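This is what each chain is made of:
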Amino acid sequence: MARKRDTQPLNPVTVHREFFGVPGAVTVIALTISVVYVWYFSCNPESGCQLPLTSERWLHIVTAAADYRAYLSLDAIIYYVLWWSWLAMLYFVIPCPVVQGVELRNGRRLQYSINGLPSFLVTLGVALLVYASKGTKPFLWIADHYFQLAIASLLFSTSQAMFVYLYSFRKSSSQDESSEPVMLALAGNSGNPLYDFFIGRELNPRIGTLDLKFFNELRPGIMGWVLLNASFAMKQQARFGFVTNSMWLAITPQIWYCIDTLLFERKVLTTMDIVTDGFGWMLSFGDLTWVPVMYSLQARYLSFNPVHHPTSVVALIAVMALGSFFVFRLSNSEKNAFRRNPSDPSLKHLEYITTEAGTKLLVSGWWGMARHINYTGDWFYGLAQCLATGFDTPMTYFFAVYFLVLLIHRNYRDECKCRDKYKKDWIRYCERVPYMFIPYVI
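Residue positions within a chain follow its written sequence, with the count starting from 1. Given that the model is predicted, a residue must reach a pLDDT of at least 70 before its local features are reported, and side-chain atom pairs must reach 80 or more before they are shown or counted; all residues, however, enter totals for whole chains, interfaces and linings. As a convention, hydrogens and water are excluded, and side-chain values are obtained from all of the structure's heavy atoms.

Peer 1: I'd like a description of the nonpolar core, backed by residues and values.
Peer 2: Counting 103 residues, the largest nonpolar core has Trp39, Trp84, Phe147, Phe214, Trp290, Met294 and Tyr295 as its most contacted members. Helix and strand definitions here come from DSSP, where helices need a minimum of 4 consecutive H or I residues and strands a minimum of 2 consecutive E residues; each element is numbered from the N-terminal end. Ranked by residues supplied to this core, first place goes to helix H7 (residues 146–167) with 11 residues. Here the nonpolar core consists of buried residues drawn from Ala, Val, Leu, Ile, Met, Phe, Trp, Tyr and Cys, with membership extended through side-chain atoms lying within 4.5 Å. Relative accessibility thresholds used throughout: buried, under 20% of the residue-type maximum; exposed, over 50%; partly exposed, between the two (1.4 Å probe, protein chains only).

Peer 1: An account of helix H10 (residues 220–240) is needed here, citing residue identities and associated values.
Peer 2: What a helix should span is 1.5 Å times the count of its residues minus one. Across its 21 residues, H10 extends 30 Å between first and last C-alpha, which sits within 8% of the 30 Å expected from 1.5 Å per residue. Positive backbone phi, approximately 90 degrees, marks Gly241, located one or two places after H10.

Peer 1: Could you give an account of the side chain of Arg329, naming the residues involved and the relevant values?
Peer 2: Locating Arg329 in the fold gives a position in helix H15 (residues 311–340). The contact definition used throughout considers only heavy atoms, calling two residues in contact when any of these lie within 4.5 Å. Apart from the residues lying within four places of it in its own chain, the contact partners of Arg329 are Asp260, Phe264 and Lys267.

Peer 1: Give a detailed account of the pattern of salt bridges, specifying residues and quantitative values.
Peer 2: Counted as salt bridges are all cases of a side-chain nitrogen of Lys or Arg within 4 Å of a carboxyl oxygen of Asp or Glu. Applying the stated criterion to the full structure yields 12 salt bridges. Residue Glu265 is joined to Arg219 by a salt bridge in which the shortest nitrogen-to-oxygen separation is 2.7 Å. Note that Glu265 is positioned in the loop between helix H11 (245–263) and helix H12 (272–275) and Arg219 in the loop between helix H9 (212–218) and H10, a separation of 46 residues in sequence. Using a relative accessible area of 1% as the deciding quantity, one classes Glu265 as buried. The salt bridge involving Arg371 is made with Glu415; its shortest N-O contact spans 2.9 Å. Taken as a pair, Arg371 in the loop between helix H16 (366–369) and helix H17 (373–387) and Glu415 in helix H18 (residues 398–422) lie far apart in primary sequence, 44 residues in all. This pair shows no difference in class: Arg371 is buried, exactly as Glu415 is. Salt bridges sharing partners connect three or more residues here, namely Glu18, Asp277 and Arg413.

Peer 1: Provide a residue-level description of unusual backbone geometry, including the pertinent values.
Peer 2: Across the junction of Leu51 and Pro52, the peptide omega takes the value 0 degrees, indicating a cis bond. Tracing the backbone through its elements, the reader meets Pro52 in the loop between helix H2 (21–42) and helix H3 (55–66). Non-glycine residue Lys423 carries a positive phi angle of around 55 degrees. Here Lys423 is to be found in the loop between H18 and helix H19 (424–432). Since its relative accessible area comes to 55%, Lys423 is described here as exposed. We note that Tyr440 has phi near 70 degrees; this positive angle belongs to a residue other than glycine. On the basis of relative accessibility, which here comes to 72%, the residue Tyr440 falls in the exposed class.

Peer 1: Go over a nonpolar patch on the surface with me, naming the residues and quoting the values.
Peer 2: Taken together, the side chains of Phe380, Ile438, Tyr440, Val441 and Ile442 define a hydrophobic patch exposed on the protein surface, amounting to about 520 Å² of accessible area. Along the chain, the position of Ile438 falls in the segment after H19. Using a relative accessible area of 30% as the deciding quantity, one classes Ile438 as partly exposed. Nonpolar side chains (Val, Leu, Ile, Met, Phe, Trp, Tyr) within 5 Å and like charges within 9 Å form the patches, drawn only from residues with over 30% relative accessible area and no salt bridge. Note on areas: Shrake-Rupley, 1.4 Å probe, and residue coverage restricted to the protein chains presented here.

Peer 1: Which residues make up the state of the cysteines, and what values do they have?
Peer 2: Our working definition of a disulfide is a cysteine sulfur pair at a distance within 2.5 Å. Tallied over the entire structure, the rule returns one disulfide. Note on cysteine connectivity: Cys43 is disulfide-linked to Cys49, with sulfurs 2.0 Å apart. Negative torsions about the S-S bond denote left-handed disulfides, and the value of about 85 degrees found for Cys43 with Cys49 makes this one right-handed. Like Cys49, Cys43 is buried. The thiol of Cys386 is unpaired, and the distance to the nearest cysteine sulfur, on Cys43, comes to 12 Å. A residue is classified by how much of its surface remains accessible, and Cys386, at 0% relative accessible area, is buried. Here Cys418 stays free of any disulfide, with the sulfur of Cys430 as its closest cysteine sulfur at 8.5 Å.

Peer 1: Talk me through the environment of Gly368; I want residue IDs and the actual numbers.
Peer 2: Note on placement: Gly368 falls in helix H16. The exposure class of Gly368 is partly exposed, given its relative accessible area of 24%. Along the backbone, Gly368 and Tyr112 are 256 residues apart, and their C-alpha atoms lie at a distance of 31 Å. Filtering out sequence-adjacent residues up to four positions away, Gly368 remains in contact with Val363 and Val433.

Peer 1: How would you sum up the packing of aromatic side chains? Please name residues and give values.
Peer 2: Stacked, tilted and edge-to-face pairs are distinguished by plane angle, under 30 degrees for stacked and over 60 for edge-to-face with tilted covering the rest, among Phe, Tyr and Trp rings (Trp via its six-membered ring) whose centres lie within 6.5 Å. Applying the stated rule across the entire model yields 47 aromatic pairs. Considering the side-chain rings of Tyr37 and Phe147, the 5.3 Å spacing of their centres and the 80 degrees angle between planes classify their relative orientation as edge-to-face. Of this pair, Tyr37 sits in helix H2 while Phe147 is found in helix H7, placing the two residues 110 residues apart along the sequence. For the residue pair Tyr37 and Phe147, the accessibility class agrees, reading buried in each case. Both rings, one in Tyr301 and one in Phe304, keep their centres 5.9 Å apart while their planes meet at 75 degrees; by these two values the pair is edge-to-face. Taken as a pair, Tyr301 and Phe304 lie in helix H14 (residues 297–304) at a separation of three residues, close to a single helical turn. Residue classification places Phe304 among the buried positions, given a relative accessible area of 14%.

Peer 1: So, the confidence of the model for the protein chain: which residues are in play, and what are the values?
Peer 2: The predictor attaches a confidence to each residue, and that confidence, scored 0 to 100, is pLDDT. Averaged over every residue, the pLDDT of the protein chain is 93; the share at 70 or more is 97%. For the stretch residues 1–5, pLDDT sits under 50, and the model shows nine contacts to residues farther than four places along the chain or on other chains.

This is the structure:
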């Protein structure tokens, strides 16, 4: 490893720009922010949630979006900053195991505090105390000020992205200026400020022991998603006097997904977001705004448009959600166990090929069925949540459509990187595992 660092620069200039470079970065920023606005102003109790959007409804969306005084709330901004700060404080104060991440290209391994689930449980306890003393009023405020909080998260995430971009120009990665320079993401050192701000210039920006990328990945947005879902369920109860089975079908798998993510927090350390992507606007906005705001769409819709399903439909959707979750979780667990210790006796039944780079690639078990079988389970799990909203509007299926595009794009990035890394071994691997998502289909 030392020889490799001696012969190759730590931070080579980025040649290949993802998302078609600056035009793509500008398009993604404008498009994702626009989607947040459009889905709020076109899907609400007053306007309904119907497509196509007429010229009159487009005029309403543009006019409402221009009236920023109606949704730019100082209270929401303060509450959001307090929310982020509360979780950051818990990151430092809750005792927990500290684990090492994967080896970086400088030969080092960063340390991470694994206390996401305890942070969630403490926060849940505080929420229950608030409910016991104040009732549903604080949670109904959250539901009623959903968009104000969304804009607060947008402002915070953008400010954070600007901070980490400027922070990446410091001389060294620690207070000792004689230490190694800041490690940049291979995709984020293009020299173009806008593109690097968007994609993320520094690989692992840290303030002391607080790894900003790791912290934002699982804490404020994921837990905020749970809080929004619970608030929308209370809103439905307050508005109609009941909580429908469709609401439970939508929010139960989502809340469990969040808990499962925190339960297996250390496994995120081997994902592309942590290992290869820089921390810029794309991840900051995605973690803090996109996930809680857009992923809670089903619960928000059902809070003002209750849907009642017959028992047979409830059973079908529940079975679909449960089955797809098991595909997602079991496949990921198998992959992570193999990465951690390929010689584990419990994995001796698994077949693999060894590449010239020394990496072992699974060609049996879950990963012999398809190269991204976990993506398949993940997508069908999300589709089940959309099905809970019924078929009155296609707008609640945005998550399924968007997630499909996201997973196809991730698959493309994965395939390109693996093809470059493993070369002829990747061709050999694809011959052994020819399907990408669904065995014998695609």
